Amino acid sequence: MNHIDPAWAWSTFQPTNRRPWNLTQAAHLYRRTGFGVRRGELQRAVAGGVQRCVKQVLHDNQEPQSFHDEMTRMTRSIVASGNLQSLATAWLYRMLKTSDQLHEKTTLFWHGHFATSAAKVEDAFMMQQQNDLLRKHAIGDFGEMVQEISQNPAMLLYLDSANNRKTHPNENFARELMELFCLGEGNYTEQDIRELARCFTGWEVRNRAYRFNKYQHDFGKKSFLGTQGALTGQQAVAHVISTPAASLFIARKLVKYYVMDEPAAADELLAPLAQRLRKDQFQIRGTLEMIFRSNLFYSEHAVARKIKSPVELVVGIMRGLSIKTDLTQVAQRLLELGHGVYFPPNVKGWDGGRTWINSSTLLGRSNLMHELIHSENTTFDNKSLQAHLQNNRIHSLAQAATYFSDLFCAVPLADNTKDQLIASAQKETGHTDQQFKSLLHQIVSLPQFQLG
Amino acid sequence: MFCARLLAVYCLIIAPSAISAQTNFHNLLPESTAAILQIQEPGEILHQFLTHPVVNSVYDAGLYDGFIKDAQRAQIETLQTKIQDVTGLPWADAVKQATSGGVHLAFDPASEGVLLVLRGDEVVLNKVFDAVLSFLQPLAALSGNPLKKGEYREGIIGYQIQEIRFAKKAGTLVVTNSRDLGRFVLDQLIDPTTHPTFASNENYQAATVASEPREHTAWFWVDAKLLQQHNGLEQLEQAMRQNMLLELLAGGLVNQLAKSPYITAAIDFDHQHLKLELTTAHDDEWIPESRQYYFGPDTNGSAPSLLLPTNTIASISMFRDFSPWWLLAPDLYDDDVNEGIAQADTTLSTFFSGKDFGTDILGALEPGAQLVVTDNQFGNDAPQPDIIFPAFAIVGTLQNSETMQAELRRIFISFVGFLNVVNAMEGNPQLDIELVDSKKDRMITTAFIPPLAGQPISVQHNFSPTIVFQGDRLILSSTRLLAEQLRDDNHSAKPANRSGSKANWTTNSQLTLLAAPLATILQKNRGILITNNMLENSSDREGAETQIDLLISMVQLTNALDITIRSTSKQLALSVELKFQPDSK
């Protein structure tokens, strides 16, 4: 890949004739900072300008207290039932309905980062507790988040760290803290792991809560990552975050999640972002703002350079077309496609990118979309698809093709592609609504639709 | 074609003058008639339906829209207006008068004919007939099948639209799809013959012994050969071979249905109740060994009385001999089910200290069981979970209580211990055990240890498994409170069998489902029901609340659902009765 000038990359994007602020760019922003929007919102975004749109996404879309209370009530009911799969469904509901899309998208990011699977924890109370923790700090203080997640009962159970004795320190958590959560591979040694593990001795989970067992803690002197002393677990975590590798590691992950799947961003490119993180003392919001205002974000390096995850695929189309359907079925299908929230496949979470696409998952994605579009439980803003489109002044298949392309395709569909799709949809016998559904299903099965 | 269906439906509202008293409906039908339906007063049914509180509630809730499409509703309303214009009466009154002599439907397999016969007030019905005809004629013409008209005999005018033929004679309207059947009926009207007609059908006559057609809102009879020849019951038999519970509940009933020469169905409907009673012939010669568990060796097995403790939601009692049922499973079920039973048998035998489950454990119980489900109550100090499960209990009678009590006591305590080990491994609460002895009974009860302050109260706190030995009586309950109530209520149950009816009926099975406690427990779980509704429909809270509250209010419009299977030496009857709230709306 060509070298990207960091100075250019992180400069504020100013629309030009060559790279205007238009429906495509607005849709790109909303897809990356959330899960998608309706056509009307896209048009308003274009009219308002990019800077205003970014400000709104970052600062002005907070959830109303009433919605927050509603979700609390919902999850409390589900925790009482102990049904883990319903927790996943409730989170999909939240992604669909929340006004604060960026917050929810970022919570999903941290869920993959601090991967903890309900399949092992098997406790709805603890899993929801962790999810609430991630949401609380999602666009806030990364350092505080790491401190709290390190003592989170679900996390400790998942990493087999519910017991950690001074005579036999559990190195698993220490390794994951450095490798997966804060520093990445190559930025620590085996000795660092052993020493760090001693800091966490005495950390236990009892009755679903973190407990410090002083009798099992190693109060001796430890030496790792360039520091030494009788560090406690909390002090150790703070030190790990303070190392230079931490900011670069987090910056790299943020760029992979929000900007581009590949190629891997060079350290030189990431340096200004990492510097911003350190300057903000690991407050995430400022770094995200830097990303979303940047030239890089709106350039050919970023637009259509990510593959939608199954969650983005489904929630995106549901939000775009105001789809209501049986979310319990959707959650189950996402689990079968390998992107069941609350059920990451392993400690590394989801790799994303090209791993979402292979011969089997591509068919699975198409089948999921077909089921969603054609299910008798599915409505489009409480109407048929045709009626919903008519409400948006879409009356023909040609208009619908353009409409769907604007809403969902990172790369607008070429005219000859649209013509072929329309011709195929017209062969559908029966009600006109079936033709619109056929067209929609064809579009969501295209490679262009898989790009986020 | 909708037109033909509309015609078939709306012939109900057309009726000419009453026929001769001598020519009753059965004399009009050929001997080969295999099914008949009689509705004595259709107008009264219509009146009951239109003024019914439940129907009005459905209408007020906007659920009516889902039943009938817009286009059909428009046509119905047009027809209603025509009838009102022509008769000068409200359309429901016109229909009532037009069908005051009754509506009868019949099926004759020999001619493959379906017959509809209507009778009522001549003047009103002639007008209604004209109104309907004027409504249908343009529709028929538009569909490319214009109305045809012609004279048959004795001045009878016949009409035809597509395959549907209808004619009037002396106050009788005849509608049929079969020319031969229509001619037979008209000929009987013109000139009643001495040829055998349906009136001499012995099976039909036998059926009316148990169930007099005139006593019911609607009454249906079918020659069971019709179902048997078309494998009507085969699917049901197949379903029972694959479903243990279905066989247990309905196996004997379906067995007799398959052998009976006839089946009748009587329907009663008014503001108080909607009842369906299915009756067949009954003969112990028809019962194979594998199904004797259902009726008992002399087919006289009687269900114990229903348990009705406070806050009963549902109560079931049935006569079943569980030991032969379990042991004869290879004869009753298919291979998949039998494989499951074999595995369960091994596990249960191990659980019961090596005793054979079918012979030693189930064989230690008297035939007959009672199951009751109630709203769950919690003591003042007991932790109450957010989700309330109903409490339930099974009551049986031990044949050898001295020996079995000791065995079951030991097994119960072991089971509690096992549960505690599993719960400890999974971080779940533990069960505490308490033994309560009195002169008359012994109770072993358990309770989950309350959670620490700040910890959620798990759904397991709905349960406090309890076993009670009360002489020969065994009570196995999910909660202590229910067990105590059943123990203390031992002598207050009413007998299962009826007396004083015209035949000596024995109650084989009965179920009652009570609406008020059901509505109460639904209300207690309103939160989780709303949550589930929101997730299943992606709806907001308001929409979900409307749906759940509507469900609860629909339940509250009813009073109870009673299902009974009873028999005499000659007949078997299944009745399903839905009782409505008195004086609602």
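Since we're looking at a predicted model, the values are computed, not measured.

Asker: Before we move on, can you summarise the overall build of chain B with the specific residues and values?
Answerer: The number of helices and strands found in chain B is 22 helices and 20 strands. When each of the 585 residues of chain B is scored for burial, the buried share is 48%. Partitioning the intrachain contacts of chain B with sequence separation of at least 6 by distance along the chain shows that 67% fall at a separation of at least 24. Summed over its atoms, the accessible surface of chain B is roughly 28100 Å², and 54% of this surface lies on carbon and sulfur atoms. One finds the centroid of the 41 positive side-chain charges in chain B at a distance of 5 Å from the centroid of its 67 negative side-chain charges.

Asker: Just give me the short version of the packing of helix α2 (residues 23-33) of chain A against helix α22 (residues 397-408) of chain A, but keep the residues and values in it.
Answerer: Any two packed helices are characterised by the angle at which their axes cross and by the distance between the axes. Residue and element names in this part refer to chain A. Running from N to C, α2 and α22 point in directions that differ by 50 degrees, and their axes come no closer than 7 Å. As the angle between them shows, α2 and α22 are arranged oblique. Note on element contacts: α22 touches α2 through D406, L407 and F408, opposite L23, A27 and R31.

Asker: Could you give an account of the environment of B:Q188, with specific residues and numbers?
Answerer: Residues and elements named next belong to chain B. The residue Q188 is located in helix α8 (residues 179-190) in this model. In this structure the C-alpha to C-alpha distance between Q188 and N27, which are 161 residues apart in sequence, comes to 7.5 Å. Side-chain polar atoms of Q188 contact the backbone oxygen of N27, separated by 2.7 Å.

Asker: Can you explain a nonpolar patch on the surface? Please cite residues and give values.
Answerer: Residues B:I267, B:L274 and B:L276 make up a contiguous nonpolar surface patch of roughly 210 Å² in combined accessible area. On the basis of relative accessibility, which here comes to 36%, the residue B:L274 falls in the partly exposed class.

Asker: Outline the pairing of strand β3 (residues 113-119) of chain B, supporting the account with residue identities and numerical values.
Answerer: All names here are of chain B. With six of seven residues buried, β3 is to be regarded as a mostly interior element. Sheet topology note: the strand β2 (residues 102-108)/β3 ladder contains seven bridges and is antiparallel. Note that in β3 the partner of H104 across the bridge is V117. What sits between β2 and β3 in their antiparallel hairpin is a turn of four residues, with E112 showing a positive phi close to 50 degrees. Examined bridge by bridge, β3 and strand β7 (residues 172-176) share four bridges and lie antiparallel to one another. By the bridge assignment, V117 is partnered in β7 with V174.

Asker: Account for the pairing of strand β18 (residues 506-514) of chain B, with residues named and values stated.
Answerer: All names here are of chain B. Two strands pair when backbone bridges link them, and strand β11 (residues 312-318) and β18 are joined in this way by five bridges, in the antiparallel orientation. Each residue of the ladder has a partner; that of I316, found in β18, is L511. Sheet analysis places β18 next to strand β19 (residues 558-567), joined by eight bridges and oriented antiparallel. Looking at β19, one finds that Q510 is bridged to T564.

Asker: Quick rundown of the pattern of salt bridges? Include the residues and the values.
Answerer: Here the structure, examined in full by the defined rule, presents 48 salt bridges over all chains. Ionic pairing is found between A:R38 and A:E41, a salt bridge with its closest N-O pair at 3.5 Å. Measuring nitrogen to oxygen at the nearest pair gives 3.9 Å for the salt bridge that ties B:R526 to B:E545. In this pair, B:R526 is assigned in helix α21 (residues 526-537) and B:E545 in helix α22 (residues 541-557), connecting sequence segments 19 residues apart. Residues joined in a network through salt bridges with shared partners are A:E70, A:R73, B:R526, B:R541, B:E545 and B:D549.

Asker: Describe the packing of aromatic side chains, listing the residues and the values that go with them.
Answerer: Two descriptors summarise a pair of aromatic rings, namely the distance from one centre to the other and the angle between the planes of the rings. Residues and elements named next belong to chain A. Taken as a whole and judged by the stated rule, the model has 37 aromatic pairs over all chains. Taking 6.1 Å as the distance between ring centres and 85 degrees as the angle between the ring planes, the aromatic pair formed by W21 and Y298 counts as edge-to-face. You can see W21 sitting in the loop between α1 (6-9) and α2 and its partner Y298 sitting in the loop between α17 (284-292) and α18 (310-320), a full 277 residues away along the chain. Judged by relative accessible area, Y298 falls into the buried class, the value being 1%. The positively charged end of K120 is found above the aromatic ring belonging to Y158, 5.8 Å away from the centroid.

Asker: For the state of the cysteines, give the residues involved together with the corresponding values.
Answerer: In a disulfide, the sulfur atoms of two cysteines are covalently bonded to one another. Residue and element names in this part refer to chain A. Inspection of the entire model under this criterion finds zero disulfides over all chains. Here C53 is not cross-linked by a disulfide; its sulfur's nearest cysteine counterpart is in C409, at 19 Å. Judged by its relative accessible area of 3%, C53 is buried.

Asker: Describe the domain arrangement of chain A, and please don't skip the residues or the numbers.
Answerer: All names here are of chain A. According to the domain assignment, chain A consists of domain 1 (6-61 + 244-298) and domain 2 (310-450). Domain 1 and domain 2 are separated by 26 Å when their C-alpha centres are compared. For the pair domain 1 and domain 2, the number of links is two salt bridges. Here E262 ties to R354 by a salt bridge, and the two come within 2.7 Å at their closest N and O atoms. Here domain 1 and domain 2 share five residue pairs in polar contact (both at pLDDT 80 or more) between them. Taken together, the elements giving at least two residues each to the side of domain 1 that touches domain 2 come down to α2 and α3 (39-48). Ranked by residues supplied to the side of domain 1 that touches domain 2, first place goes to α2 with four residues. For the side of domain 1 that touches domain 2, the class distribution of residues is five nonpolar, two polar and six charged.

Asker: Please give an account of unusual backbone geometry that cites residues and values.
Answerer: Trans peptide bonds make up the majority, and among non-glycine residues the majority have a negative phi. Residue and element names in this part refer to chain A. For the bond from E262 to P263, the omega torsion is 0 degrees, close enough to zero to count as cis. Of note, P263 is situated in the loop between α15 (244-258) and α16 (267-279). Even without being a glycine, Q281 presents a positive backbone phi close to 55 degrees. Within the secondary structure, Q281 sits in the loop between α16 and α17. What makes Q281 exposed here is its relative accessible area of 63%. In this model, N382 sits at a positive phi of 65 degrees, which is unusual for a non-glycine residue.

Asker: Could you give an account of the interface of chain A and chain B, with specific residues and numbers?
Answerer: Between chain A and chain B, the residue contacts involve 23 residues of the former and 17 residues of the latter. At the junction of chain A with chain B, the criterion picks out two salt bridges. With a closest N to O distance of 3.3 Å, B:D386 and A:R76 form a salt bridge. Counting the contacts that link chain A with chain B gives seven residue pairs in polar contact (both at pLDDT 80 or more). When contributions to the side of chain A that touches chain B are tallied by element, the ones reaching two or more residues are α5 (65-81), α6 (84-97) and α19 (327-336) of chain A.

What counts and what doesn't
Residues numbered from 1 in each chain as written. Chains lettered and ligands numbered in written order. Predicted model: local features only at pLDDT ≥ 70, side-chain atom pairs only at ≥ 80, totals over all residues. Heavy atoms only, no water. Helix = DSSP H or I, 4+ residues; strand = E, 2+ residues; numbered from the N terminus. Buried < 20%, exposed > 50% of the residue type's maximum accessible area, 1.4 Å probe, protein only. Contact = heavy atoms within 4.5 Å. Areas by Shrake-Rupley, 256 points an atom, 1.4 Å probe, with all protein chains shown as cover. Lys, Arg positive; Asp, Glu negative; His and termini not counted. Charge placed at Lys NZ, Arg CZ, Asp CG, Glu CD. Axes fitted to C-alpha atoms, helices over the stretch in contact; angles between N-to-C directions. Parallel < 35°, antiparallel > 145°, perpendicular 65-115°, else oblique. Polar contact = N/O pair within 3.5 Å; in protein donor to acceptor, adjacent residues only side chain to side chain. Patch = residues over 30% accessible without salt bridge, like charges linked within 9 Å, V, L, I, M, F, W, Y side chains within 5 Å. Salt bridge = Lys/Arg side-chain N within 4 Å of Asp/Glu carboxyl O. Pairing = 2+ DSSP bridges. Phe/Tyr/Trp six-rings, centres within 6.5 Å; stacked < 30°, edge-to-face > 60°. Lys NZ or Arg CZ within 6 Å of the ring centre and 35° of its normal. Disulfide = S-S within 2.5 Å. Domains from an automatic or database assignment. Nonpolar A, V, L, I, M, F, W, Y, C, P; charged D, E, K, R; others polar.

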